[in-house]
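Examining the three-dimensional arrangement
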Amino acid sequence: MNEYLKHDEWCVIEEGFNPENHRSSESIFSLGNGNMGQRAMFEEHYSGKTLQGTYVAGVYYPDKTRVGWWKNGYPEYFAKVLNAPTWIGIDVKINGEMLDLAKCETSDFVRTLNMKEGVLERTFIASMSNGNKLKVETKRFLSIVDTEVGMIRYSVTPLNFDGKIKFIPYIDADVMNSDSNYDEKFWDILVSKSLSGEAYITAKTKKLDFHVCMGMKYDVYKDGQKLEMNPALTEDAKYVSNTVEFEVEQDEELAIYKYAGVLSSLNHSKSEILNDAHKVVASAYEKGYGKLLEEHVARWADKWSHSDIVIEGDVAAQQAIRFNIFQLNQTYTGEDERLNIGPKGFTGEKYGGSTYWDTEAYCVPFYLSTSKPEVTRNLLIYRHKHLQRAIENAAKLGFTDGAALYPMVTMNGEECHNEWEITFEEIHRNGAIAFAIYNYVRHTGDQKYLEEYGLDVLIGITRFWSQRVTYSQAKKKYVMLGVTGPNEYENNVNNNWYTSTLATWCMKYTQEAMAFVKESNTNRFNEIMSDLNFDFNQETAKWNDIIENMYYPIDEETGVFLQQEGYMDKEQILAVDLDPKIRPINQHWSWDRILRSCFIKQADVLQGVYLFEDKFDLETIQKNYDFYEPRTLHESSLSPCIHSILASKIGDIERAYNLYLRTSRLDLDDYNKEVHEGLHITSMAGTWMSIVEGFGGMRVVNGKLSLNPLIPKEWKSYSFKVRFRGNLLNVRVSEEGVGVINEEGENITLFLQDDEYKIEKSSSLVIENA
Ligand code: BGC
């Protein structure tokens, strides 16, 4: 852990500059607006350790696969989120000396991420080796209204000198990915153009032909007075800048306002992208800094008005949940069905920025409750559009007749993960996609989705499962051989309980969905059956046989669901017995040692218990929780939230609270010692789940919302909002009781602590504790 950030309800604050923490802070203070994002690099030159990261949504690079030993079925490339040309740069020279925090003394350094307003700020005093002392103040945001616009205000005030200050605003396209497999650069530059007061670069990816155009325009003010400029222009092949120099007296503030436009060929024609960039930059410039900021802050206020969670009495917990919600809302805004949510969002390169099962298993519940249904629907349609590729992917692995295996990692529907134990075996991702459809339909009531897009995806997935099982003559049961469950500290196991349970659930749900569509729209049903060449009697008979005869490993003695066959042969030691110095074990142990140990990276059986909780009694949930929690190391960010929800379920509120802190402050306090690589964006949705589904006990029961709230003793109260079908509900839980306000929509009937209540529109319900 590394706890260097100050606790505050609305801001993340770093006081004092420690270069050792800089890369971590670059991740934590990242900004995004759904359309683009960037790590919190400094605007001015910095020669210390930094991970440059400027990202444009949907723009990626298929980097040629690099593996030790090629295996049939491996993909040709790994899709990488692409480090794009950077537009934030403003070099600053003070009487000829370059301002560089790695080379000068810094005091009063404060970096602040204002999450309420979506603004990154920094102030510090620099003492340069030429003896000049100056105060620097910066403010930066990526407009969430004009999502192609970024804005910086950067000011310098001499504290002990009169002299010359140079600003060199620039765009630099000489960038590369630090994870480039063959140390290649991925961009060709098409245009670099420097004009007086503005500059542009258009770059094109070496493969796939994505074009990106970055433009900038700027003004300089002295003590609020706009200055005339006569810039020196630089127009290199990959770099464009303007240099402006001013005489400044002690205590006068020199401020540059830099407006940037970031456009991609996803949204602009390649032939017009440069012209369009001129227009975007010009219109941002015309709007001006004040107006851009005002609109941006207002839109954030609107976002917070239906996604905020307020916790009274615990600043660390409050800051953490806001940080998680803020980062999710910066990463994905849901308007564009071509986009998805990479595990690191716009905050780093790891994981390739592509789509994982994380989206369906973790992000979908968050967006379902905090946004309009279209947002989740777009996430589902993304997978629908990739169905054909999932069928081709399965065909490559030998599956037939429309069986679909969705990729473990993807940008465009093609698999790009290349570790055999994951690519070929971590197939539970298929089930998460089916479950997300179920979740969407039960939460929104949009059953029509099944007719339009859902059913063919479900059938493809179920066809895959029905071919992936093997009938074991020895067991007289169907078995699922050679899989990797969610717990990636086990590979190539037989009969992973979670995967098998999910597979048969898919088979049942697909049949329910088929029955529904047949009933509601017979023509459409017949059309789907014929398009998919579906042999109803034969295929469903096989599915039902598998459902009835599936093998699930169980420990005879305790009745615990076994993670996989043979799990009990392992030496049964507990996480508390491990020396903290060797954690995380994946940074200290050989892989075979990890595989032979009983230690669990992330929720696996408990992931299944969480998904299918309504099928188990409390005793079963408790038994499995008590067995698996002490063996789980939570070395995947996706883990503590699920354990926290189950701890709440069984009433172990103390544990639920500690796991909540772990999940919510995972990045802020760097539990897994890897925040410098980027943030764990997808698991942040799990943090939200651990409050709303965990402490709040929110479920959907028979098509109705159900709440069973508890409150950790550390909190005075907490409140959250939930969109459910046509309603927006505001739920407040305190030691005294629970209040629910029906803020939007018609009358609603819901369950509160298992009793049914009706709340009229615009009214509220208060239940006081006995
Ligand atoms: C986890 C996976 C997850 C991936 C991306 C891995 O460490 O084990 O379950 O999909 O990270 O978040």
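Since we're looking at a predicted model, the values are computed, not measured.

**Details of the side chain of Thr359**
Structurally, Thr359 is set in helix H4 (residues 358-370). When neighbours within four sequence positions are excluded, Thr359 is seen to be in contact with Asn340, Ile341, Val364 and Leu379.

**Some words on the pairing of strand E8 (residues 90-94)**
As a general feature of sheets, a regular strand has side chains that alternate between the two faces. When you tally the buried positions in E8, you get 4 out of 5 residues, the bulk of the element. Pairing of E8 with strand E14 (residues 163-172), which is carried by 5 bridges, proceeds in the antiparallel orientation. Looking at E14, one finds that Val92 is bridged to Phe167. Pairing analysis gives 2 bridges linking E8 to strand E9 (residues 97-98), with the strands arranged antiparallel. Paired with Lys93 across the strands is Met98, a residue of E9. In textbook terms, the turn of a hairpin is the stretch between consecutive antiparallel strands, and for E8 and E9 this stretch comprises 2 residues, one of which, Asn95, has a positive phi near 45°.

**A look at the environment of Lys116**
By the secondary structure assignment, Lys116 is in the loop between strand E10 (105-114) and strand E11 (119-127). Taking the C-alpha atoms as reference points, Lys116 and Tyr55, separated by 61 residues in sequence, lie 23 Å from one another. The contact partners of Lys116, leaving out residues within four places of it in the chain, are Trp10, Trp300 and Trp304.

**Some details on the packing of helix H16 (residues 640-649) against helix H17 (residues 653-664)**
Axis separation between H16 and H17 bottoms out at 8 Å; the angle between their running directions is 160°. Considering the angle they form, H16 stands roughly antiparallel to H17. In this structure, the crossing between H16 and H17 has a hand that is left-handed. Contacts between H16 and H17 involve Pro640, Cys641, His643, Ser644, Ala647 and Ser648 on the former and, on the latter, Arg655, Ala656, Leu659, Tyr660, Arg662 and Thr663. When the residues that make up the contact of H16 with H17 are grouped by side-chain class, the tally is 6 nonpolar, 4 polar and 2 charged.

**Some thoughts on the UniProt feature "domain: Glycoside hydrolase family 65 C-terminal" (unreviewed entry) in the protein**
The feature "domain: Glycoside hydrolase family 65 C-terminal" (unreviewed entry), as given by UniProt, occupies residues 698-758 in the numbering adopted here. In residues 698-758, helix accounts for 0% and strand for 66%; the two terminal C-alpha atoms are 17 Å from one another.

**Some points on the environment of Glu693**
Within the secondary structure, Glu693 is located in helix H18 (residues 681-695). For Glu693, a relative accessible area of 10% gives the class buried. With 433 residues separating them in the primary sequence, Glu693 and Ala260 have C-alpha atoms 40 Å apart. Each residue touching Glu693, except ones within four places of it in the same chain, is listed here: Pro365, Tyr610, Ile645, Met698 and Arg699. Reaching out from Glu693, the side chain makes a polar contact with the side chain of Tyr610 at a distance of 2.6 Å.

Calculation rules
Residues numbered from 1 in each chain as written. Predicted model: local features only at pLDDT ≥ 70, side-chain atom pairs only at ≥ 80, totals over all residues. Heavy atoms only, no water. Helix = DSSP H or I, 4+ residues; strand = E, 2+ residues; numbered from the N terminus. Contact = heavy atoms within 4.5 Å. Buried < 20%, exposed > 50% of the residue type's maximum accessible area, 1.4 Å probe, protein only. Pairing = 2+ DSSP bridges. Axes fitted to C-alpha atoms, helices over the stretch in contact; angles between N-to-C directions. Parallel < 35°, antiparallel > 145°, perpendicular 65-115°, else oblique. Left-handed = near helix turned anticlockwise from the far one by under 90°. Nonpolar A, V, L, I, M, F, W, Y, C, P; charged D, E, K, R; others polar. UniProt positions renumbered as here; feature names shortened; annotations may be inferred. Polar contact = N/O pair within 3.5 Å; in protein donor to acceptor, adjacent residues only side chain to side chain.

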